[in-house]
Amino acid sequence: MAEHDSSNFIREIIKSDLASGKWDRVQTRFPPEPNGYLHLGHAKAICVDFGMAEKFDGVCNLRFDDTNPVAEDEEFVRAIEEDVRWLGFAWGNVFHASDYFGKLYAIAESLVERGLAYVDEQSLEEMRASRGTVTEPGTNSPFRDRSPAENLRLLREMKAGKHADGTMVLRAKIDMASDNMMLRDPLMYRIRHIEHHRVGKDWCIYPMYDYAHGLSDALEGVTHSICTLEFDNNRAVYDWLVDKAGYAEPRTRQYEMARLKLQHVMLSKRRLKKLVVDGLVDGWDDPRMPTISGMRRLGIRPEAIRSFVERTGVARADSLVSRDLWESIIREDFNTVAPRRMAVVDPLEVEISNWEGDTEWLDADDWPRDVPKESSRKIPFSKRLYIERGDFSADPPKKWRRLAPGVEVRLRYGYLVTCDEVITDESGKVTKLVCSYDPATRGGDAPDGRKVGGTLHWVSADEAIDREVRLYKPLFTVDVPDAEEDWEAVIDAASRTIVTAKLEPSLKEATANDRFQFERLGYFAPDGDDPKVFHRTVELKSGWNKKPAAAPTRTKPVVQEAVVADYRPTDAASAARFDELVGAGVSEPIAGVLATDADLDALVQEAAKHGAPPVPLANFAVSEVGPRGDRGKLTAKSLADLVSLADSDAINSGAAKKVLDILIANGGEAQAVVDAHGLGQISDTGALAAMVAEVLAQFPDRVAAYKGGRKGLKGFFVGQIMQRTRGTANPQLVQSLLAESLDV
RNA sequence: UGACCCGUGGUCGAAUUGGCAAGACGUCGGGUUCUGGCCCCGAAGGCUCCAGGUUCGAACCCUGGCGGGUCAACCA
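Residues numbered from 1 in each chain as written. Chains lettered and ligands numbered in written order. Predicted model: local features only at pLDDT ≥ 70, side-chain atom pairs only at ≥ 80, totals over all residues. Heavy atoms only, no water.

Asker: Talk me through helix α18 (residues 653-666); I want residue IDs and the actual numbers.
Answerer: Here α18 contains 14 residues, and its C-alpha end-to-end distance of 20 Å stays within 8% of the 20 Å for a straight helix at 1.5 Å per residue. Three or more residues of α18 are buried, namely Ala655, Ala656, Val659, Leu660, Ile662, Leu663 and Ile664. As for α18, its buried residues are in contact with α16 (614-625), α17 (636-647) and α19 (670-677). In this structure Asn652 caps α18, since a side-chain oxygen of it lies 3.1 Å from the backbone nitrogen of Gly654. Just beyond α18, the residue with positive phi is Gly667, at close to 75°. (Helix = DSSP H or I, 4+ residues; strand = E, 2+ residues; numbered from the N terminus. Expected span 1.5 Å × (residues − 1). Buried < 20%, exposed > 50% of the residue type's maximum accessible area, 1.4 Å probe, protein only. Contact = heavy atoms within 4.5 Å. Polar contact = N/O pair within 3.5 Å; in protein donor to acceptor, adjacent residues only side chain to side chain.)

Asker: Tell me what's going on with the sheet that holds strand β4 (residues 117-120), and back it up with residues and numbers.
Answerer: The sheet built from 4 strands is open, its strands ordered β4-β5-β6-β7 with antiparallel pairing. In the strand order of this sheet, the two ends are held by β4 and β7 (205-207), each with one partner. Averaged over all pairs of adjacent strands, the angle between their axes in this sheet comes to 20°, without regard to strand direction. As defined by bridge partners, strand β6 (residues 187-191) adjoins β7 across 3 bridges and the pair is classed as antiparallel. What sits directly across from Ile191, in β7, is Ile205. (Pairing = 2+ DSSP bridges. Axes fitted to C-alpha atoms, helices over the stretch in contact; angles between N-to-C directions.)

Asker: Could you give an account of the protein's contact with RNA strand B, naming the residues involved and the relevant values?
Answerer: Arg340, Gly443, Gln517, Arg702 and Gln735 are the nearest of the 94 residues found near RNA strand B. Counting only the atoms of RNA strand B that lie within 4 Å of the protein, the sugar and phosphate share comes to 62%. Between RNA strand B and Arg128, the relevant distance is 3.3 Å, taken from a phosphate oxygen to a side-chain nitrogen or oxygen of the residue. Within the backbone of Val314, a nitrogen or oxygen atom sits 3.0 Å from a phosphate oxygen of RNA strand B. For the surface near RNA strand B, a count of residues per class yields 29 nonpolar, 34 polar and 31 charged. (Near = heavy atom within 4 Å. Nonpolar A, V, L, I, M, F, W, Y, C, P; charged D, E, K, R; others polar.)

Asker: Give me the lowdown on the nonpolar core, citing residues and values where you can.
Answerer: Of all hydrophobic cores here, the largest spans 48 residues; its most connected members are Leu40, Ile46, Val84 and Trp326. Elements with a minimum of two residues in this core: α1 (9-20), α2 (40-55), β2 (59-64), α3 (74-87), α10 (292-298), α11 (302-312) and α12 (323-335). Sequence-distant contacts of Leu40, that is, excluding residues within four places in its chain, are made with Leu260, Leu262, Leu267, Pro290, Met295, Ile305, Phe308 and Trp326. (Core = buried A, V, L, I, M, F, W, Y, C linked by side-chain atoms within 4.5 Å.)

Asker: Now, about the state of the cysteines: what can you tell me, with residues and values included?
Answerer: Counting across every chain of the model gives 0 disulfides. No disulfide involves Cys435; its sulfur sits 4.7 Å from that of Cys419, the nearest cysteine. (Disulfide = S-S within 2.5 Å.)

Asker: Got a sec to walk through helix α8 (residues 235-244)? Specific residues and values, please.
Answerer: Among the residues making up α8, those that are buried are Val237, Tyr238, Asp239, Trp240, Leu241 and Val242. As for α8, its buried residues are in contact with α4 (101-113), β5 (169-172), α7 (209-220), β8 (224-228) and β9 (253-257). Phi turns positive, to about 95°, at Gly246, one or two residues after α8.

Asker: I'd love a proper account of the pairing of strand β17 (residues 416-424), names of residues and values included.
Answerer: Here strand β16 (residues 408-411) runs beside β17; their pairing, made up of 3 bridges, is antiparallel. Within β17, the position partnered with Glu408 by the bridge is Thr418. Two successive antiparallel strands, β16 and β17, enclose a turn made up of 4 residues, where Tyr413 displays a positive phi of approximately 60°. With 7 bridges joining them, β17 and strand β18 (residues 430-437) adopt antiparallel strand pairing.

Asker: Run through the side chain of His224, naming residues and quoting values.
Answerer: Tracing the backbone shows His224 in strand β8. Among the residues examined, His224 registers a relative accessible area of 1% and is labelled buried. Every residue in contact with His224, bar those within four places of it in the chain, is listed here: Ile13, Ile14, Asp17, Trp23, Val26, Gln27, Thr28, Arg253 and Tyr255.

Asker: Any details on the environment of Asn233? Residues and values, ideally.
Answerer: Here Asn233 is to be found in the loop between β8 and α8. Residue Asn233 is classed as partly exposed on the basis of its relative accessible area of 44%. For the pair Asn233 and Met182, spaced 51 residues apart in the sequence, the C-alpha separation amounts to 6.5 Å.

Next comes the structure, spelled out in structure tokens:
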């Protein structure tokens, strides 16, 4: 398949971590919980986790997050390993969170000893109530301030099995009033007197996801821990735990990407399970299921899934990928690997009236001319044939290119035939066609060079084999079944139709790994368990009779009231300062920020005393100093000098930013930094004019494009000059020189 | 009603880190064709959510708004 290698934010992060020397290796992990089968969403995670490791010569481990023994099972472990292998990835190691139960527990004791965790005996309800809501802070548990010694004793009792399920938990002591609910003393351990599928009865307390996950990453030496967006809020806990456990930089970091969502596909694990349990589908590997095993059974190849993930990308924006793309990639994958065959799914008998004698075996190519492969097979032609019922019309519409009364068409690799007679039953249904063939057109070409409207697929009635063929539509009728409250109501009862089709005899020996294109019908795959059954993996694209074109909903003219923003703060003191700034000529948005950021404003007021011009100072402080957060070694004096320098055109705005970064990092004096780094502005007209001429000579095509109307290119030319001067050219001057040369 | 995340042609998404708004799918038109597939050529489709600000220059930085998502399991 085509190689697609688009950039994405995680790749960029890894690349820069490697470039900066933060890491000299890459280690990721795929951490499924063994409580169900993997689906398309996991497939994306697998492709990204393993793909990143692959791309950067790192390692990706498989780690089973088996922290909740009530739902987990060995059966799923094996299935997951099989699915990952099938997708074509190789892990470095197989780990289990349960491997770390001992170490995790030791860390928990250490946290307790340091007063960072406590045993809570509130009931579930009490805990829920004291957690607060998203808008109200929580309240501390009455057990929060126990001594470390008591907590340690209780924790050991919990571990020793002295307490019943649900009577107590271990909690991290963070902040019950945090805006981030995840930080309101998250649970670390709960009591479960239940056997674990791997460690048996060794433990009766089990770690929670949040506690186990980040520490497992740290324990394993993971460098980049990739998960989905809904764990965004959990990252704070992740970082807290890894820090408190004593991992210093560089240490594992969590990065979140958007989940994969595909039109008409439901990926809720719980709901998928219900489909299986309730018998709404045939099992986890029903070809209509978005599970990896279901897709495999449908005939989709891992290459297609990997390509799909690569092409839909990795980003942080929620999105819904269209089915068109999905199907197009499956077709692209099949096109060069699936030999062509003929099959009739809805047979209509055709009698060749002038056919004399026996069956004739004709050559048929396995591949169309655009696929660079050569091979062929024999197909039988005889007096009785089947064509597709839909390929005949007694009363054809315009542009009909198939069979109709009196019309001649080509039977692919066979003969040209003409429909002479239509036989119907008493209800008017067509039961048989009587056609005549032209013996001179053997193989499908007319010696006289005459053209026919269309080419049909067909099979010979006597030699054709009967096979069960299953045709599919999406399981759900709506775009986003996951969003549906009553999702069972949107299941498409007609998502699968089973027919007995007539296949050309060469298909008799089809085996599970074969893929075929049944010409004009789609791509098909024999069933893995019973290769006598064929699944239609995907239909061919059809320019004819296509689905009602999704009317491109014109962009809504977002009529938004032009709200005049009020930047004036409400409290008196800030408002006074705001008025003062505005009075001095500072714009309202800038004044608003300064008036409410006491820290920044103090710096500005101090800098003003060193003679910096007030308006540029305010602008620079709010636009550049504020966003940088930590002010490091920047002093009011150096800031004032910097602003003055920029204001006097001694340096340009880009250089000012560079100087600012240096002042923050290293301190020093503005002018000295400018001198040391050669950041003084170049305003030498002669030198710049020469450079302009040079750039224009280097890009004649772009000059032409500019003169042809692409005025946006001006920025490109300016950019070129700025690059050559390391950002120190006087941009206004450059622009006017450019204008002189270009706009004449 | 709080915190956090996210808004780029119909869809998914790039944009060398502030300097030419890529590409793919889809759509439309044409070519080719023994598959109404594939392939080839061409086209349409953008106030980069909105309003301000900063800057020589903003999809990108700042402020405010609008819209979507996530979070109040002893699940992961």
